[in-house]
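Letter by letter, the chains look like this.
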Amino acid sequence: MRGVWRELALEAFVSLKLQGRRSLLALLGVMIGSASIVALLSFSHIARAEVMRRFEALGADTVQLVSDPTGQQWMDHRLFSRQFSEEQDIRVAVPLSVTRDSVGANGQAESASIVATTQDGFEWLSPGMAAGRGLASGDGCNGAAVLGSALAKTLGAGVGDVVFIGGYGYRAVGLLAPADPMGVLPVSPDEAVLIGLG
C-alpha cells in the first residue's frame, strides 16, 4: 500500500516538473477564481446588510398612533404600555408627547421640539449618548432633560447646565450623539429636548 502512494506522489511530482508553467498557471487561475467568488459573496452580504439597516431606519416596521388633538380623549401611558406589551408581534410600545416651545440656556434661545417620554421611549428614540446619561425611569418629575446634538451646539449648553423650557428650569443630564435621519420619527432627535413623561 505504501508503495502505491509513493508511486502516485512520484508521478504527480514528475508531471508537475514536466508541465511546470502550465500547472502553475492552472493553480493560479483556480486561486483567483475562488478568491473572486468569496469576494463577490462577501460584497453582496455587506450590501444586503446595509440596505436592510437603512430600510429599518426608515421605520417600515413602525406604527404611530396619534391621540385626539383636541385633548378630549387621552390614552394613559400605563394602560397603553400594558395593552400592547401583551402582543407577541410588537417589539416595543412607547408613548411620546410632542410639542414645540422656546428653549433657552446661557443667554441663547431657540424654538425646539419638546419630547416627553418614558425610559423605553428614550431608548427607542435615542441615537446614543455623546455625553452624560439618558433618561432613566426616575426622571418623570425631577426636571432632568437630554438635549439633541444640534440644539446643544446652538445653545452652547452642556451636561449640568440649566435649560429653560417654556419658563421652567430643567437640568441637562445628557447630550445625544448626532442622529441619522429616520423617516417616521415625529421629531429630529438632533433638534429636540427629551424629558420624562411624568
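Conventions and cut-offs
Residues numbered from 1 in each chain as written. Predicted model: local features only at pLDDT ≥ 70, side-chain atom pairs only at ≥ 80, totals over all residues. Heavy atoms only, no water. Helix = DSSP H or I, 4+ residues; strand = E, 2+ residues; numbered from the N terminus. Buried < 20%, exposed > 50% of the residue type's maximum accessible area, 1.4 Å probe, protein only. Contact = heavy atoms within 4.5 Å. Areas by Shrake-Rupley, 256 points an atom, 1.4 Å probe, with all protein chains shown as cover. pLDDT = per-residue confidence, 0-100. Lys, Arg positive; Asp, Glu negative; His and termini not counted. Salt bridge = Lys/Arg side-chain N within 4 Å of Asp/Glu carboxyl O. Pairing = 2+ DSSP bridges.

Q: Sorry if this is basic, but what is going on with the overall build of the protein chain here?
A: Helix and strand counts for the protein chain stand at 5 helices and 7 strands. In sequence order, the secondary structure elements of the protein chain are arranged as α-α-α-β-β-α-β-β-α-β-β-β. The buried share of the protein chain, reckoned over its 198 residues, is 26%. When contacts within the protein chain are restricted to residue pairs at least 6 apart in sequence, those whose partners lie at least 24 apart make up 65%. With the model as given, the accessible surface of the protein chain reaches about 13,800 Å², and the carbon-plus-sulfur share is 58%.

Q: Hey, could you run me through the environment of Ala 131 in this one?
A: Summarising the element assignment, Ala 131 is placed in strand E3 (residues 129-132). In this structure, the C-alpha to C-alpha distance between Ala 131 and Leu 175, residues 44 residues apart in sequence, is 5.1 Å. Ala 131 has contacts with Val 159, Gly 174 and Leu 175, leaving out every residue within four places of it along the chain.

Q: Teacher, can you tell me more about the confidence of the model for the protein chain here?
A: Summing up the model confidence of the protein chain, the mean pLDDT is 78 and the portion of residues at 70 or higher is 78%. Ranking the elements of the protein chain by mean pLDDT puts helix H3 (residues 77-85) last, at 65, and strand E5 (residues 162-165) first, at 89.

Q: Can you help me understand the side chain of Asp 190 in this one?
A: Relative to the helices and strands, Asp 190 is located in the loop between strand E6 (168-176) and strand E7 (192-196). It is Lys 153 that comes nearest to the buried, bridge-free Asp 190 among opposite-charge side chains, at 11 Å. Residues within four places of Asp 190 in sequence aside, it is in contact with Gly 148, Ser 149, Ala 150, Leu 151, Ala 177, Pro 178 and Ala 179.

Q: Is there a simple way to think about unusual backbone geometry in this case?
A: Backbone geometry follows two general trends: most residues other than glycine have a negative phi, and most peptide bonds adopt the trans configuration. The backbone of Asn 106 shows a phi angle near 55°, a positive value even though the residue is not glycine. Its place among the elements puts Asn 106 in the loop between strand E1 (96-105) and strand E2 (108-117).

Q: Can you walk me through the pairing of E5 in this structure?
A: Put simply, side chains in a regular strand alternate between the two faces of the sheet. Judged by which residues are buried, E5 turns out to be one-sided: Val 163 and Ile 165 face inward and are buried, whereas Val 162 and Phe 164, on the alternate face, are not. Sheet topology places E5 next to E6; 4 bridges connect them, and they run antiparallel. Residue Val 163 lies in a different strand from E6, and its bridge partner there is Tyr 170. Between E5 and E6, which pair antiparallel one after the other, the connecting turn spans 2 residues, and Gly 166 there sits at a positive phi close to 55°.

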